[in-house]
Amino acid sequence: MSRLEPLLIDQSVKGRRGVGIPKSPVSQPLGHLIPEKFLRKKKPHLPEVTEFQVVRHFTRLSQLNFSIDTHFYPLGSCTMKYNPKLNEAMAGLPGLKNIHPLAPDVVSQGMLEILYNLEQWLIRVTGFDAFTLQPAAGAHGELTGIFLAQAYHRARGNKKSVVLIPDSAHGTNPASAALAGFKVVQVKSQSDGHIDLSDYRQKLTDEVALIMITLPNTLGIFEGQIETITREAHAKGALVYLDGANFNALAGLVRPGDLGFDICHINLHKTFSTPHGGGGPGAGPVGVKKELEPFLPVPRVLKEKEKFVMRDSKHQFPQSIGQMRSFFGSTGVLLRAYTYMVTLGEDGVKEMSRRAIINANFIRVRLSKIFKVAANEPCMHEAVFSGVPALKNGTKTLDIAKRLLDYGYYAPTVYFPLIVPECLMIEPTETETPETLEAFCTTIEKIAREIETDPEMVKHAPHTTPVQRLDEVQAAREPVLKWPSWNSAFNTFYEEKTQKSQGPQK
Ligand SMILES: *Cc1c(COP(=O)(O)O)cnc(C)c1O
């Protein structure tokens, strides 16, 4: 499959048509009805191709992708797990898919009931008192949660301007806090990956409004000191936020609400199996304890006299932070997640987390002979390594990641978290079989041997993908966005590539 797919515009033949528009029955052209300044002077430069060419083009492009339906996808911190097709069928039911968000409550009872039940489900499994389903992603949930903390402190007349965040946090945490206008202060981790309590105590001043903790943390381990951390925060009048994006390590096993957290978001598109990445919609519901409930975004779905109602009135929720997103959130994602929960049941969710943990520990133990495990204790849903022991002859972790593509594996997350040198972060998820995990580990061992015997080959991998090594930063540093310069930039790139790798024909 080592060929580049030509652009549709390059397949264009003058006069070729995919669809025909019937001749207008109106004899006079309608052009005169449109003001002159809006009329095109020249025909648009569009590809002239058949419908079949378009279908083949996009089908071929779709097959160049690695996807969860075609490959093992061990992307750390992202939870790329299999999405049962049942979820798609349920989210696509016409009665749910076609419902208008402004339809009156009486005709939306089914959807409102599902949203209400989903909130109740999340309340039970997390131990919080109330939820909003509105946020459209994890980072959006963080921003919502931070606004909630801000509103809570304002209502009490507290003037607190600092958010504490450990150095191992996901980059979205400090970004969200800064966006909400807080000053971010970093808390150090110890070499074993746990929070440095003495550094935490020193930074926990009266200025601190919120502490954001990722659990399991980005080394994939449980923070055993969490109850001490939340207790001491509360003693100083600060709230504690859980970045629960990776809830698949905890769901059914531990309730964050019981650990002292006041606010949390969870990523339904990760833990509850919606396909994500590539900018598709997500859902980052936010749960809170009782004292924060009055500040939740509107609209809220309530149950009144056995009917489900949507309420957004300022009278009923005078302290609400307002609306974070249109209507109720990404309902397509919410429906998939709800289907997944209902399919598994509460015992099934517990089993899901257990298997995610067992699979990650399989990888941790199996690869500890090749890499250095970042934290010296059992991991939760993902295993984090330093690639250093395997890297010889001038190779880097990046080369291992690229070489994996040749063997049909999507590459794990690399160089994150930043505190681990030459890092690899592998999250197998519970949906993979032991055979897949074994085959993956055997492949890593094979690459480690190649590093000794043929390092140049590893350094120039991948060899079997449509394009080989790309300049990873050029597209960001020198973006070429405008047609036709984009087209000529592509052609130059395309010609270079076709000359280098034998075979591809334009
Ligand atoms: C994925 C992730 C996020 C961000 O979630 P998005 O839905 O991508 O915005 C935040 N924190 C952690 C720990 C994550 O893994």
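Read on for a plain summary of the structure.

Rules used in this analysis
Residues numbered from 1 in each chain as written. Predicted model: local features only at pLDDT ≥ 70, side-chain atom pairs only at ≥ 80, totals over all residues. Heavy atoms only, no water. Phe/Tyr/Trp six-rings, centres within 6.5 Å; stacked < 30°, edge-to-face > 60°. Helix = DSSP H or I, 4+ residues; strand = E, 2+ residues; numbered from the N terminus. Buried < 20%, exposed > 50% of the residue type's maximum accessible area, 1.4 Å probe, protein only. Disulfide = S-S within 2.5 Å. Pairing = 2+ DSSP bridges. Axes fitted to C-alpha atoms, helices over the stretch in contact; angles between N-to-C directions. Contact = heavy atoms within 4.5 Å. 1 Å grid on protein atoms, 1.4 Å probe; cavity = no way out; pocket = protein on both sides within 12 Å on 5 of 7 lines; lining within 4 Å. Points joined across faces, edges and corners; volume = space filled by probe spheres on them. Nonpolar A, V, L, I, M, F, W, Y, C, P; charged D, E, K, R; others polar. Domains from an automatic or database assignment. Patch = residues over 30% accessible without salt bridge, like charges linked within 9 Å, V, L, I, M, F, W, Y side chains within 5 Å. Areas by Shrake-Rupley, 256 points an atom, 1.4 Å probe, with all protein chains shown as cover. Salt bridge = Lys/Arg side-chain N within 4 Å of Asp/Glu carboxyl O. Parallel < 35°, antiparallel > 145°, perpendicular 65-115°, else oblique. Left-handed = near helix turned anticlockwise from the far one by under 90°. Near = heavy atom within 4 Å. Polar contact = N/O pair within 3.5 Å; in protein donor to acceptor, adjacent residues only side chain to side chain. Right-handed = clockwise from strand over helix to strand, strands pointing away. Arc of directions from axis to C-beta.

## So, the packing of aromatic side chains
One pair of aromatic rings is described through two measures. These are the centre distance and the angle between the planes.
Stage number 1. Under the criterion given, the structure shown has eight aromatic pairs.
Stage number 2. On the numbers, 4.1 Å between centres and 10° between planes, the contact of Y73 with Y410 is stacked. Taken together, the residues span a long stretch of sequence, with Y73 in the loop between α1 (51-63) and α2 (85-91) and Y410 in the loop between α11 (397-406) and β12 (413-414) at a distance of 337 residues.
Stage number 3. Overall, Y410 belongs to the partly exposed group, its relative accessible area being 25%.
Stage number 4. Centre to centre, the rings of F272 and Y340 are 6.4 Å apart; their planes meet at 75°, and the pair counts as edge-to-face.

## Thoughts on the state of the cysteines
Stage number 1. A full pass over the atoms with the stated rule returns zero disulfides.
Stage number 2. The structure places no disulfide on C78, whose sulfur is separated from the nearest cysteine sulfur, that of C423, by 13 Å.
Stage number 3. Its sulfur unpaired, C264 is 19 Å from the next cysteine sulfur, which belongs to C78.

## Brief notes about the sheet that holds strand β2 (residues 162-166)
Stage number 1. With mixed pairing, the seven strands of this open sheet are ordered in space as β1-β7-β6-β5-β4-β2-β3. Sheet topology places β1 (130-132) and β3 (183-187) at the edges, where each strand pairs with a single neighbour. When strand polarity is set aside, the average angle formed by the axes of neighbouring strands in this sheet is 25°.
Stage number 2. The pairing of β2 with strand β4 (residues 208-214) spans three bridges and is classified as parallel. Directly across from V163, in β4, lies its bridge partner L210.
Stage number 3. Sheet contacts for helix α4 (residues 109-126): β1 and β6 (263-266); angle to β1, the most-contacted strand, approximately 125°.
Stage number 4. In the packing of helix α5 (residues 138-155) onto the sheet, the strands contacted are β4, β5 (239-244), β6 and β7 (286-288), and the crossing angle to β5 comes to about 170°.

## So, the layout of surface pockets
Empty pockets left among the atoms are what a rolling probe the size of a water molecule brings to light.
Stage number 1. One number sums up the size of the largest pocket: a volume of about 980 Å³.
Stage number 2. K402, L405, V467, Q468 and L470 are, among the 29 residues lining the largest pocket, the residues nearest its centre.
Stage number 3. Within the residue set of the lining of the largest pocket, elements represented by two or more residues are α1, α11, β12 and α15 (485-500).
Stage number 4. For the lining of the largest pocket, the leading source of residues is α11, giving four residues.
Stage number 5. Here the lining of the largest pocket is built from residues that sort into 20 nonpolar, five polar and four charged.
Stage number 6. Each of domain 1 (8-64) and domain 2 (351-500) contributes no fewer than three residues to the lining of the largest pocket.

## Here's the deal with empty space enclosed by the protein
Stage number 1. Applying the stated criterion to the full structure yields three cavities of 30 Å³ or more.
Stage number 2. A volume near 90 Å³ is recorded for the largest cavity.
Stage number 3. Where the lining of the largest cavity is concerned, the elements lending two or more residues are α4, β1 and β8 (300-304).
Stage number 4. Each residue belonging to the lining of the largest cavity can be placed in one class, and the counts come to nine nonpolar, two polar and two charged.
Stage number 5. Tallied by class, residues from the lining of the second largest cavity come to four nonpolar, six polar and one charged.

## Let's talk about a nonpolar patch on the surface
Stage number 1. Taken together, the side chains of L33, I34, F38 and L39 make up a nonpolar region of the molecular surface, amounting to roughly 410 Å² of accessible area.
Stage number 2. Tracing the backbone through its elements, the reader meets I34 in the segment before α1.

## Here's the deal with the packing of α5 against helix α6 (residues 172-179)
Stage number 1. Running from N to C, α5 and α6 cross one another at 45°; their axes reach a closest spacing of 9 Å. As summarised for this structure, α5 and α6 are arranged oblique, according to the angle between their axes. In this structure, α5 meets α6 at a crossing whose hand is right-handed. Between α5, through A139, E142, L143 and I146, and α6, the contact on the second element is made entirely by T172, N173, S176, A177 and L179.

## Description of the pattern of salt bridges
Stage number 1. Taken as a whole, this structure holds 23 salt bridges when the rule is applied.
Stage number 2. Residues R255 and D258 are paired through a salt bridge, measuring 3.0 Å at the closest nitrogen-oxygen approach.
Stage number 3. Of the residues examined, D258 reaches a relative accessible area of 49% and is grouped as partly exposed.

## Digging into the site of the ligand
Stage number 1. Around the ligand lies a shell of 14 residues, among which S77, G138, D243, H269 and K270 are the nearest.
Stage number 2. One of the backbone N or O atoms of G138 is found 2.8 Å from an oxygen atom in the ligand.
Stage number 3. K270 places a polar side-chain atom, nitrogen or oxygen, 2.8 Å from an oxygen atom of the ligand.
Stage number 4. With the chains in place, 85% of the 390 Å² that the ligand exposes on its own is no longer accessible.
Stage number 5. The biggest single contributor to the shell around the ligand is α5, with three residues.
Stage number 6. Considered class by class, the residues forming the shell around the ligand number three nonpolar, eight polar and three charged.

## Observations concerning the pairing of β2
Stage number 1. Counting buried residues along β2, five of its five residues qualify, which places the element largely inside the surrounding structure.
Stage number 2. Of the two faces of β2, the one holding V162, L164 and P166 and the one holding V163 and I165 are both buried throughout.
Stage number 3. Here β2 pairs with β3 via five bridges, running parallel. Within β3, the residue paired with V162 across the bridge is K183.
Stage number 4. Tracing the backbone out of β2, into α6 and back to the parallel element β3 gives a crossover that is right-handed.

## Notes on the environment of I34
Stage number 1. The exposure class of I34 is partly exposed, given its relative accessible area of 42%.
Stage number 2. Residues I34 and E5, 29 residues apart in the sequence, show an inter-C-alpha distance of 39 Å.

## A few points about helix α8 (residues 226-235)
Residues separated by three or four positions in an α-helix point in the same direction, a consequence of the helix having 3.6 residues per turn.
Stage number 1. Turning to α8, its buried residues are I226, I229, T230 and A233. Down the axis of α8, the buried side of the element spans an arc of 90°, and every buried residue falls inside it. Set apart from the buried face of α8 by more than 90 degrees, the exposed residues are R231 and A235.
Stage number 2. Where α8 is buried, its residues touch α7 (197-203), β4 and β5.
Stage number 3. Backbone geometry just downstream of α8 places G237 in the positive-phi region, at approximately 80°.

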